[in-house]
Amino acid sequence: CGSMNLKCRRQSSLPRYGSPVTVNKSWDLGAVATVADLRRALKFANERRSQGEASEHLLSSSKDANGTLSRPQCDTEKVLTQAVVVPVKLHVAVQRIRKRKKPKKLVAPNTSRVGRLMPSIQECLNKFWSDEVNSEDLLRLRVVFRSMSEDGLHVLCNCLPELMMRSGFHTLSEEKCREVVQQITTFDYMDFEDFSDFSERAILEERKGYQDLLKTWVPNPFDKFVEPAEQVRGFLNMLNVICTRKNILEILDFAGLKDELCNSPQEMLRFLAAYQSCEGFTKKEVSVLRSAFKSCEERAHVGPEGRLITPKSLSGGLLRFGGIYFLETWREMKYRQKINQTGVSFYEFLIHARRVRETQLQLVAQAVEKICSSDVRQGLIEELRMLCRPLGFTLQEMEVTEILQEQGLSEPFCLDLAWDFVCHLRSRHGFTKAEKAELLESFHRFQKGGEDELSTVKILELMAWLGLGGCIEKAHEMLRRVDFDNNGVLGENEFLRLMRMQKEQNLETYTLAYCKLHLGDAVTRSRLVAALAECDIFTENQLLEVITLRHGIKTAAVTFGSFAGTSQGPSVRAARTKLPGISWDAWVVVAEEARKMTPIWNRKRACFKEPEVLELKKAFGAEEVPVSDLLWMLLDSGLPLQHADERHRFQEALAEAHRTALDCSMEDDANATTAPTSCASPRSSGTVHFATFLHLIRSYLESIKQKQMQREEAALRSVSFSATEVADFRAIFTSHVVSAHVQARQELQKEPCHPLSFVVRCLATRPRVSCSEVIRMAASIGARIKMSHRSMLRKKIREFSDEKTLIDVEDEEPPDDEFALEDGVDFAGFLQVMQWMSDCNWCNINTAAEELLLNPRSVATGFSRCVSAP
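Residues numbered from 1 in each chain as written. Predicted model: local features only at pLDDT ≥ 70, side-chain atom pairs only at ≥ 80, totals over all residues. Heavy atoms only, no water.

Novice: Mind laying out the pattern of salt bridges, listing which residues take part and the relevant values?
Specialist: Opposite charge on two side chains makes pairing possible when the charged atoms of those side chains draw close. For the structure shown, the criterion picks out 42 salt bridges. For Glu-285, the salt bridge goes to Arg-357, with nearest N and O atoms at 3.3 Å. Within this pair, whereas Glu-285 is found in helix 13 (residues 283-294), its partner Arg-357 is found in helix 16 (residues 346-372), the two being separated by 72 residues in sequence. Taking the shortest distance from any N to any O, the salt bridge between Asp-826 and Arg-711 comes out at 3.0 Å. Here the residue Asp-826 occupies a position in the loop between helix 38 (816-822) and helix 39 (827-840), and Arg-711 occupies one in helix 32 (residues 690-718), the gap between them amounting to 115 residues. Owing to a relative accessible area of 25%, Arg-711 belongs among the partly exposed residues under this scheme. (Salt bridge = Lys/Arg side-chain N within 4 Å of Asp/Glu carboxyl O. Helix = DSSP H or I, 4+ residues; strand = E, 2+ residues; numbered from the N terminus. Buried < 20%, exposed > 50% of the residue type's maximum accessible area, 1.4 Å probe, protein only.)

Novice: Please give an account of empty space enclosed by the protein that cites residues and values.
Specialist: In total, this model carries six cavities of 30 Å³ or more according to the counting rule given. Here the second largest cavity is characterised by a volume of approximately 60 Å³. Along the walls of the second largest cavity sit Val-457, Leu-460, Glu-461, Ala-464, Glu-702, Lys-705, Gln-706 and Met-709, which together make up its complete lining. Those elements giving two or more residues to the lining of the second largest cavity turn out to be helix 21 (456-465) and helix 32. Counted by class, the lining of the second largest cavity contains four nonpolar, one polar and three charged residues. (1 Å grid on protein atoms, 1.4 Å probe; cavity = no way out; pocket = protein on both sides within 12 Å on 5 of 7 lines; lining within 4 Å. Points joined across faces, edges and corners; volume = space filled by probe spheres on them. Nonpolar A, V, L, I, M, F, W, Y, C, P; charged D, E, K, R; others polar.)

Novice: Lay out a nonpolar patch on the surface in plain terms, naming residues and giving numbers.
Specialist: A cluster of nonpolar side chains, Leu-156, Phe-187 and Tyr-189, forms an exposed patch at the surface whose accessible area comes to about 310 Å². For Tyr-189, the position within the fold is in strand 4 (residues 189-191). By relative accessible area, which is 40% here, Tyr-189 ends up partly exposed. (Patch = residues over 30% accessible without salt bridge, like charges linked within 9 Å, V, L, I, M, F, W, Y side chains within 5 Å. Areas by Shrake-Rupley, 256 points an atom, 1.4 Å probe, with all protein chains shown as cover.)

Novice: I'd like a description of the environment of Asn-493, backed by residues and values.
Specialist: If you trace the backbone, Asn-493 turns up in helix 23 (residues 492-516). Exposure remark for Asn-493: the relative accessible area of 47% places this residue in the partly exposed category. Through-space distance from the C-alpha of Asn-493 to that of Arg-428 is 9.2 Å; in sequence the pair is 65 residues apart. Each residue touching Asn-493, except ones within four places of it in the same chain, is listed here: Ile-324 and His-429. (Contact = heavy atoms within 4.5 Å.)

Novice: Just give me the short version of the layout of surface pockets, but keep the residues and values in it.
Specialist: Within this model, the second largest pocket holds a volume of roughly 1,100 Å³. Taken together, 43 residues form the lining of the second largest pocket, with Phe-321, Gly-322, Arg-357, Trp-419 and Cys-423 sitting closest to its centre. When residues of the lining of the second largest pocket are traced back to their parent elements, those giving at least two are helix 11 (245-254), helix 13, helix 14 (314-322), helix 15 (324-332), helix 16, helix 19 (415-427) and helix 23. Here the lining of the second largest pocket takes seven residues from helix 19, the largest share from any one element. Broken down by class, the residue content of the lining of the second largest pocket amounts to 14 nonpolar, 13 polar and 16 charged.

Novice: Just give me the short version of the packing of aromatic side chains, but keep the residues and values in it.
Specialist: Evaluation of the coordinates by the stated rule reveals 23 aromatic pairs. Ring centres 5.5 Å apart and planes at 70 degrees place the aromatic pair Phe-145 and Phe-192 in the edge-to-face group. A residue pair is termed long-range when its members are at least 10 positions apart, and Phe-145 in helix 6 (residues 135-147) and Phe-192 in helix 9 (residues 192-216) qualify at 47 residues. Assigned by exposure class, Phe-145 and Phe-192 land together as buried. Between Phe-321 and Phe-326, the ring centres sit 5.3 Å apart and the planes meet at 85 degrees, which makes this aromatic pair edge-to-face. For the pair Phe-321 and Phe-326, a shared accessibility class is recorded, and that class is buried. Ring pairing ties together the aromatic residues Phe-721, Phe-729, Phe-733, Phe-827 and Phe-830, which thus form one cluster. The lysine or arginine in question, Lys-127, covers the ring of Phe-169, its NZ or CZ lying 5.0 Å from the ring centre. The lysine or arginine in question, Arg-698, covers the ring of Phe-608, its NZ or CZ lying 4.2 Å from the ring centre. (Phe/Tyr/Trp six-rings, centres within 6.5 Å; stacked < 30°, edge-to-face > 60°. Lys NZ or Arg CZ within 6 Å of the ring centre and 35° of its normal.)

Novice: Mind laying out the packing of helix 21 against helix 22 (residues 472-482), listing which residues take part and the relevant values?
Specialist: Between helix 21 and helix 22, the shortest axis-to-axis distance is 9 Å and the interhelical angle comes to 100 degrees. As judged from the angle between their axes, helix 21 and helix 22 are roughly perpendicular. Along its contact with helix 21, which presents Thr-456, Ile-459, Leu-460 and Met-463, the element helix 22 presents Ile-472, Ala-475, His-476, Met-478 and Leu-479. Of the residues contributing to the contact of helix 21 with helix 22, the split by class is seven nonpolar, two polar and no charged. (Axes fitted to C-alpha atoms, helices over the stretch in contact; angles between N-to-C directions. Parallel < 35°, antiparallel > 145°, perpendicular 65-115°, else oblique.)

Novice: How would you explain helix 36 (residues 771-780) if you had to name every residue and give the values?
Specialist: Burial analysis of helix 36 places seven of its 10 residues in the buried class, the great majority of the element. Taken together, the buried positions of helix 36 are occupied by Cys-771, Ser-772, Glu-773, Val-774, Ile-775, Met-777 and Ala-778. Two residues or fewer after helix 36 comes Gly-782, characterised by a positive phi angle close to 100 degrees.

Novice: Help me get a handle on the nonpolar core, residues and values and all.
Specialist: By size, the foremost hydrophobic cluster in this structure holds 109 residues, and its most contacted members are Phe-195, Phe-198, Phe-271, Met-463 and Phe-495. Phe-608, Leu-630, Leu-641 and Leu-756 belong to the second-largest nonpolar core, a separate cluster that totals 32 residues. (Core = buried A, V, L, I, M, F, W, Y, C linked by side-chain atoms within 4.5 Å.)

Novice: I'd like a description of unusual backbone geometry, backed by residues and values.
Specialist: Not every positive phi belongs to a glycine, and Asn-240 is a case in point at roughly 60 degrees. Of note, the phi angle at Cys-843 is positive, near 55 degrees, even though the residue is not glycine. Of note, Cys-843 is situated in the loop between helix 39 and helix 40 (845-854). Here Cys-843 falls in the buried class, since its relative accessible area comes to 12%.

Novice: Describe the side chain of Asn-506, with residues and values.
Specialist: Along the chain, the position of Asn-506 falls in helix 23. Excluding residues within four positions of it along the chain, Asn-506 makes contact with Glu-592 and Arg-595.

Novice: Talk me through the packing of helix 15 against helix 16; I want residue IDs and the actual numbers.
Specialist: Packing of helix 15 against helix 16 leaves a shortest axis separation of 10 Å and a crossing angle of 95 degrees. Classed by the angle they form, the pair helix 15 and helix 16 counts as roughly perpendicular. Between helix 15 and helix 16, the residues in contact are Tyr-325, Phe-326, Thr-329 and Trp-330 and His-352, Ala-353, Val-356, Arg-357, Thr-359 and Gln-360, respectively. Partitioning the contact of helix 15 with helix 16 into residue classes produces five nonpolar, four polar and one charged.

Novice: Just give me the short version of the environment of Arg-385, but keep the residues and values in it.
Specialist: As for its placement among the helices and strands, Arg-385 is situated in helix 17 (residues 380-388). The sequence separation of Arg-385 and Gln-396 amounts to 11 residues, and the corresponding C-alpha distance is 7.7 Å.

Novice: Give a detailed account of helix 11, specifying residues and quantitative values.
Specialist: Residues Asn-247, Ile-248, Ile-251, Leu-252 and Phe-254 constitute the buried set of helix 11. Take helix 11 and look down its axis: the buried residues cluster within an arc of 155 degrees, on one side only. Considering only its buried residues, helix 11 is in contact with helix 5 (121-129), helix 10 (228-238), helix 12 (265-278), helix 13 and helix 16. (Arc of directions from axis to C-beta.)

Novice: Describe in detail the state of the cysteines, supporting the description with residues and values.
Specialist: By the definition in use, this model includes zero disulfides. Between Cys-278, a cysteine without a disulfide, and Cys-243, which holds the nearest cysteine sulfur, the sulfur-to-sulfur distance is 8.6 Å. Among the residues examined, Cys-278 registers a relative accessible area of 4% and is labelled buried. Cys-840 takes part in no disulfide bond, and the closest cysteine sulfur to it belongs to Cys-843, at a distance of 8.7 Å. For Cys-840, a relative accessible area of 38% gives the class partly exposed. (Disulfide = S-S within 2.5 Å.)

What follows is the structure, given as structure tokens:
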């Protein structure tokens, strides 16, 4: 070692490069120079050239006193030797010394596998320099081939790019795939033998693509040190592969490159092999994937690829691994993700998960690149809001701030920060902690018997509780949008996803109203009411005043109609009054609170409309009435009160209504006019408060509505109409129903009762369509109806009706007017009648409807379109 140091030590007489040039001294070219000396020498030569010293001073001739030409002060050859030749020779010497050093050998690659059929690191490395295809490779090719084959024997040539992406090919483009296919076959499809030939050629093209990339790859650009993780990420970007820093570090450890610089082709190929052997997942993610795969339904057949799961359970496994948004992305790309119908192996399960993860990362990376490439950079909060907007999340500032504080995220804005933020945002569905807890509390309110999920009827009750009313078709549509596990019921995460989608619709409406009414310029009370009305939020003045005062929003009492007729418009008039405007975030807070508080105020009066409350209040009389008097007043209302057990159930329902009224009054104490004056139950006090009575009647009406929903749900399962046709039939049914109040008054003319029973019966009467109305519908499209057809129709209507009529089927047929009062069908029976008319072609109604639609001079009605639909 001592002799080596003496040889490598630079002589003291040798000046450093960059020092003043001494002509008389000779250079010892056998000395070893450092890289720093070489750089100083080149810098010195460049400086002398730029200053023109060599051309003007060193290389120019001058005359002496006798007038003869003299030689330059410095010999030109010596200058060139010092400035050019010497550095080049030193550079060659340094490179020779570096080549004498033996390269460091990498540790042996890991031979373990993450699952059945998954290749090890060594097997992935063999693909870079070996042309052999072993039995494991053939089996993997068979599995991938079968996943895209419809008959199991052939695969379309246009599916080959997707097959190669599933197999882990990154440099093979679609154009190169077509060139290789043309070398093998001229058909549009190929069998497995041709596919094997194609795969061997594709491996050679992939290897060539990697060689070309490694030639152009610069490990340390501009002589700057780049850490290994960023070194790998730069090369992956050349392959259009997005990977987070966390995954890169763990894969480096798995590949045995934890302490390496990753600046050589050998190390980069080792990393790519490790990435392919685990499909880019970490150990923890592979463990979760394995557990999710084991929880799926297993097929009886077990082949050489190991355990197989049914194709229907694949979505459930992906849902357990990545959640709702992971499965949502898989659904969007499902047209490209064909599923092997014979069974899905763990190898295919990892491929599907990897393709979904790549799609999600690419969406986030594109958004990050777009934000970072902007000329004007904004703050971290605003950039995260811009990031999440194309991903389906319109966030407010407080939501972004809460997530940043919880996760401890801070600048700079980059891909890793954006991905962590998006993952946490999706885990909470974009809600704050308080919003999520409030929604889950509403969800758990409607759970029965420890069930974790809600049926369709319970979904309707939940929507009504939240102020989002609707019919059975709307409940089915909402369930279809978020039923990711395909079990026909609504779970917690599915409910939160549904609420997120609903909130995004609300935020879009808020934005349109904010821009339309210029709330950013100025705000008045009338303008605020109009903006809420644009969002389908109708609040009382007292509630709106409470909300605006709570958030410090001052509004002037300027009526909206005072400038409605002017040509200047609301913005100019508001500008004259110099009223302050509100920000978009403040407007969203006000609108959301108004939307949440409106159902609370409606629940205080048991979701009755104001005219209905006044009518019930007038019939009820005093603020409190004895229980015995209430029983007498409700004797003819339709409530079951005749027997002792029915009256006992009435007492229990009364106590439950009293508890509900107290709960609603405690939600918000702003309105105390409809709240019970005391906490004493009706059983102990012997009296019933009007608020308790309202909730009692509401529970009775809800029981009737629940039975009606069950009938409609059963009818929808029995008919063959589509969702659009059912919606058209409901519109037709609604336009032909008999008013509930008219039916109740006609009944009361026969048997008078107490006014309170009359009002309750009016509210409980369901909409129905009489037989005469159905006959008029059929006659309107040209159906020729005889007496025998009318008799047949009446029998069917009584068959599908849920109430008993006064006239028996075998009795003499009554006139149409009398029958219209005593009989009819609800919407469930109406659907079944329409299905029967279409199936048996009653009165040749299908032909009549088709002729009406084909006749250009006639105007087709909704009824004719529905009946003539196939």
